[in-house]
Amino acid sequence: MAVISTSGLARTFQTRSGPVQAVRGIDLTVQAGEILGFLGPNGAGKTTTLRMLTTLLAPTGGAATVAGCDLVRDPAGVRQKTGYVAQSGGVDPSISVREELVTQGRLYRLSKAEAEARAEELARELDLTELLERKCAALSGGQRRRLDIAMGLAHRPAVLFLDEPTTGLDPGSRSDLWDLVRLIRAQWGTTVFLTTHYLDEADALSDRLVIVDQGRIVADGTPIALKRRYAGSPDATLQDTFLAITGRGVTPQDATPVAV
Amino acid sequence: MTTFLADTALVFGRYARQTLRSKIQILFGALMPVLYLLLYGPLLTGMPLASRGSSWQVLVPGLLLQLGLFGAAFCGFAIIIEKQHGVVERMRVTPVSRLALLLGRVLRDAALFVFQAVLVILVALAMGLRAPLFGIVLGFAFVAAMAVSLASLSYSLAMRVSTPQSFGPLVNAVNMPAMLLSGLMLPMSLAPGWLNVLSHLMPFRYLVDAVRAAFVGDYGGSTMLYGVLVAAALLAVSVTTGTRLFRKAEA
Ligand SMILES: Nc1ncnc2c1ncn2[C@@H]1O[C@H](COP(=O)(O)OP(=O)(O)O)[C@@H](O)[C@H]1O
Ligand SMILES: [Mg+2]
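Being a predicted model, the structure only gives us computed values, none of them experimental. (Residues numbered from 1 in each chain as written. Chains lettered and ligands numbered in written order. Predicted model: local features only at pLDDT ≥ 70, side-chain atom pairs only at ≥ 80, totals over all residues. Heavy atoms only, no water.)

Visitor: Residue-level account of the overall build of chain B, with values.
Guide: Along the backbone of chain B there are 13 helices and 0 strands. In chain B, the succession of helices and strands from N to C terminus is α-α-α-α-α-α-α-α-α-α-α-α-α. The C-alpha atoms of chain B give 18 Å as radius of gyration, which agrees with the globular expectation for 251 residues (18 Å, within 12%). Each principal axis of the C-alpha distribution contributes one length, and for chain B these read about 55 × 35 × 35 Å. Burial statistics for chain B: of 251 residues in total, 51% are counted as buried. Long-range pairs, those at least 24 residues apart, make up 80% of the contacts in chain B between residues at least 6 apart in sequence. Accessible area for chain B stands at about 10700 Å²; split by element, carbon and sulfur atoms hold 74% of it. (Helix = DSSP H or I, 4+ residues; strand = E, 2+ residues; numbered from the N terminus. Rg over C-alpha atoms; globule rule 2.2 N^0.38 Å. Buried < 20%, exposed > 50% of the residue type's maximum accessible area, 1.4 Å probe, protein only. Contact = heavy atoms within 4.5 Å. Areas by Shrake-Rupley, 256 points an atom, 1.4 Å probe, with all protein chains shown as cover.)

Visitor: Any chance you could break down the pattern of salt bridges for me, citing the residues and the numbers?
Guide: All names here are of chain A. Tallied over the full model, the rule gives 25 salt bridges over all chains. Between D148 and R145 there is a salt bridge; the shortest N-O distance is 2.7 Å. Placement of the pair is D148 and R145 together in helix 5 (residues 141-152), with a separation of 3 residues, close to one helical turn. On the basis of relative accessible area, D148 is assigned to the buried category, the value being 5%. Where salt bridges share partners, they join E34, R208 and D220 into one cluster. (Salt bridge = Lys/Arg side-chain N within 4 Å of Asp/Glu carboxyl O.)

Visitor: Outline the sheet that holds strand 4 (residues 61-66) of chain A, supporting the account with residue identities and numerical values.
Guide: All names here are of chain A. Taking strand neighbours across the sheet as the criterion, the 4 strands line up as 2-1-4-5 in an open arrangement whose pairing is antiparallel. On the outer flanks of this sheet lie strand 2 (18-31) and strand 5 (69-70), each paired with one strand and no other. Sitting on the sheet, helix 1 (residues 46-53) is in contact with strand 1 (2-15), strand 2 and strand 4, with an inclination near 115° to strand 1. (Pairing = 2+ DSSP bridges. Axes fitted to C-alpha atoms, helices over the stretch in contact; angles between N-to-C directions.)

Visitor: Kindly report on a negative patch on the surface, identifying the contributing residues and their values.
Guide: A contiguous patch of negative charge, built from D127, E130, D170 and D176 of chain A, is present on the exposed surface. Residue placement: E130 of chain A occurs in the loop between helix 4 (112-125) and helix 5. (Patch = residues over 30% accessible without salt bridge, like charges linked within 9 Å, V, L, I, M, F, W, Y side chains within 5 Å. Lys, Arg positive; Asp, Glu negative; His and termini not counted. Charge placed at Lys NZ, Arg CZ, Asp CG, Glu CD.)

Visitor: If you had to explain the interface of chain A and chain B to someone new, which residues and values would you point to?
Guide: The partner chain B presents 24 residues to the 27 residues of chain A that form the contact. The interface formed by chain A and chain B contains 6 salt bridges. Residue E99 of chain A pairs with R21 of chain B through a salt bridge whose shortest N-O separation is 3.2 Å. Summed over the shared surface of chain A and chain B, the result is 13 residue pairs in polar contact (both at pLDDT 80 or more). Listed by contribution, the elements that provide at least two residues to the side of chain A that touches chain B are helix 2 (75-81) and helix 3 (97-107) of chain A. Residues of the side of chain A that touches chain B, tallied by class, amount to 11 nonpolar, 8 polar and 8 charged. (Polar contact = N/O pair within 3.5 Å; in protein donor to acceptor, adjacent residues only side chain to side chain. Nonpolar A, V, L, I, M, F, W, Y, C, P; charged D, E, K, R; others polar.)

Visitor: Account for helix 12 (residues 203-215) of chain B, with residues named and values stated.
Guide: Residues and elements named next belong to chain B. The terminal C-alpha atoms of helix 12, which comprises 13 residues, lie 19 Å apart, in line with the 18 Å expected from a rise of 1.5 Å per residue. With 10 of 13 residues buried, helix 12 is to be regarded as a mostly interior element. Among the residues of helix 12, F204, R205, L207, V208, A210, V211, R212, A213, A214 and F215 are the ones counted as buried. Of the surrounding secondary structure, the elements contacted by the buried residues of helix 12 are helix 5 (56-72), helix 8 (98-127), helix 9 (133-160), helix 10 (164-181), helix 11 (193-199) and helix 13 (222-248). Two residues or fewer past helix 12, G217 is found with a positive phi of approximately 80°. (Expected span 1.5 Å × (residues − 1).)

Visitor: I'd like a rundown of the sheet that holds strand 10 (residues 216-221) of chain A, residues and numbers included.
Guide: Residues and elements named next belong to chain A. The mixed open sheet is built from 6 strands, whose spatial order is 6-7-8-3-9-10. Here the strands that pair on one side only, and so sit at the sheet edges, are strand 6 (82-85) and strand 10. Neighbour-to-neighbour, the strand axes of this sheet turn through a mean angle of 15°, independent of strand direction. Pairing analysis gives 5 bridges linking strand 3 (residues 35-39) to strand 8 (residues 191-196), with the strands arranged parallel. Across the sheet, I35 pairs through a bridge with V192, a residue of strand 8. Contacts between helix 5 and the sheet are confined to strand 6 and strand 7 (159-163), with strand 6 contributing the most and set at about 160° to the helix.

Visitor: Before we move on, could you go through the site of ligand 1 and cite the residues and values that matter?
Guide: All names here are of chain A. Close contacts around ligand 1 come from 12 residues, with G43, G45, K46, T47 and T48 the closest. Contact between ligand 1 and G45: an oxygen atom at 3.0 Å from a main-chain N or O atom of the residue. Taking T47, its side chain carries an N or O atom lying 2.7 Å from an oxygen atom of ligand 1. Those elements giving two or more residues to the shell around ligand 1 turn out to be strand 1 and helix 1. Looking at which element gives the most residues to the shell around ligand 1, the answer is helix 1, with 3 residues. (Near = heavy atom within 4 Å.)

Visitor: I'd love a proper account of the packing of helix 8 of chain B against helix 9 of chain B, names of residues and values included.
Guide: Residue and element names in this part refer to chain B. Running from amino to carboxyl end, helix 8 crosses helix 9 at an angle of 140°, the nearest separation of the two axes being 8 Å. In terms of orientation, helix 8 lies oblique with respect to helix 9. Between helix 8 and helix 9 lies a crossing of right-handed hand. Mapping the contact onto sequence places L102, R105, V106, L107, R108, D109, A110, F113, V114, A117, V118 and I121 in helix 8 and I136, F140, V143, A144, A147, V148, A151, S152 and Y155 in helix 9. (Parallel < 35°, antiparallel > 145°, perpendicular 65-115°, else oblique. Left-handed = near helix turned anticlockwise from the far one by under 90°.)

Visitor: Requested: an account of the UniProt feature "domain: ABC transporter" (unreviewed entry) in chain A, with residues and values cited.
Guide: UniProt records the feature "domain: ABC transporter" (unreviewed entry) for residues 4-239 of chain A in the present numbering. Here residues 4-239 of chain A runs as 37% helix and 28% strand, with 27 Å between its end C-alpha atoms. (UniProt positions renumbered as here; feature names shortened; annotations may be inferred.)

Visitor: Lay out the UniProt feature "transmembrane region" (unreviewed entry) in chain B in plain terms, naming residues and giving numbers.
Guide: Residues and elements named next belong to chain B. Residues given the UniProt feature "transmembrane region" (unreviewed entry) here are residues 24-43, 63-81, 102-127, 133-158, 170-195 and 224-246. Along residues 133-158 one finds 100% helix and 0% strand; the C-alpha atoms at either end are 37 Å apart. Segment residues 224-246 splits into 100% helix and 0% strand. End C-alpha atoms: 33 Å apart.

Visitor: Give me the pairing of strand 10 of chain A: which residues, what numbers.
Guide: Residues and elements named next belong to chain A. Pairing of strand 9 (residues 208-213) with strand 10 involves 5 bridges; the strand directions are antiparallel. Among the inter-strand pairings, V210 is bridged to a residue of strand 10, identified as D220. Hairpin remark: strand 9 followed by strand 10, antiparallel, with 2 residues in the connecting loop; positive phi at Q214, about 50°.

Visitor: Just give me the short version of the side chain of R51 of chain A, but keep the residues and values in it.
Guide: Position of R51 of chain A relative to the elements: it lies in helix 1. Owing to a relative accessible area of 5%, R51 of chain A belongs among the buried residues under this scheme.

Visitor: Pulling in residues and values, what's your account of the pairing of strand 2 of chain A?
Guide: Residue and element names in this part refer to chain A. Note that strand 1 and strand 2 share 11 bridges and pair antiparallel. Paired with L9 across the bridge in strand 2 is I26. If you look at the hairpin formed by strand 1 and strand 2, you'll find 2 residues sitting between the two strands.

Laid out in structure tokens, this is it:
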């Protein structure tokens, strides 16, 4: 069953120096329970696509349904059924972890008691129990990221959107986060739509990979199939695959994260 | 409707708790008008400012609205910081009504400024203000209306600027002429003809005049009517503007 389906989804920004076609027509279907890796270099249009799919940004072309709701006609339905973790998170540093988690549950219409219980439960699952009374400002990078994800899960969404979840994390925290994403899908059957510009991350986490470049999908398939098709051997690195598709390499070291 | 009210109460609660955590901020806001009362008020006591009542009945309404003008117009600072932390976007992605996202915030602001207005009135009473209780309560209502309007506009403006550094000067550039032209300090009826005419283009003037009328017990005249109409128009325009911003913020 498809939880996300888009056709010709597009967004053009009007800027002082002329129109910028950030997303130029995306056709995509995501199945329930899938972990989809949306891979592309910086500026490929990943964040813009995610912001459209989460109702933050109105598309300038095309259509999409997310979790059974039409993006444009029923944005409130989409919001209730999806969680979104932005690249730089969204917690107030001056507020405690517990208060942010409870508020988040209530913003998604849980009752006070439900929201409080859910905060405890998420803290247990995501290893935040010891940190509940701390101010968000006092968390490490990895802890902050776990909190951001807990916030996105407050209302048990059918789909979780993660924008570059491990950018800026140390290697240890990165692999912890990968485990967490796998756990979320295994435990709750949540569909996970994650963007990344790290090839190893896309390879390690995704059931299916969609490669985007300059606002368009340039390849779509399982990591193995893509490697076989574009680089001739399943042992080829995604780096080789990407090079074969786009004629350009992607090096995470070169990639400077752009905060949007 | 009940969902909308619950949403508004939730957003209000979040920001009210934040305000209550900084007691300094709560008291500090009342400091400027209280200083005016203590150090500037005595200069005016002997002057024939008022056609009816005492100079205090002219000065204090001005100070109340000044509290709203200078306090609420700077509310936007907070949202610039929140925007940088991604808090605004995180709230916009929840199903909470867009109007509630705005109203919860601005009602917190209004509550804060009305509380400060109460402090100002207490000091003013001690210094010699005499005014009817109903008039004073009406004054608080105007402070609340002014706070809601200006805070809404301030949030809208703040969402469009990228840094706090550019926001402050912008607000001051609007506030200074607004303060002078609305006759917050001295009534515009004292002004020469051209200045008086100019000041009629400034919406806040009608609010100040209405509160001054309320403080001398004149509730049924045209001054009060204009004050109420301008306040209602200001509320409608500013809340609509503010809500639209939460609906389609490209920030
Ligand atoms: N608000 C905006 N206004 C103008 N251009 C934008 C805006 N947001 C993104 N862009 C442009 O759209 C393109 C895609 O951006 P983005 O979706 O953030 O890429 P990614 O997340 O893949 O790095 C970039 O060229 C970026 O500069
Ligand atoms: Mg991005």
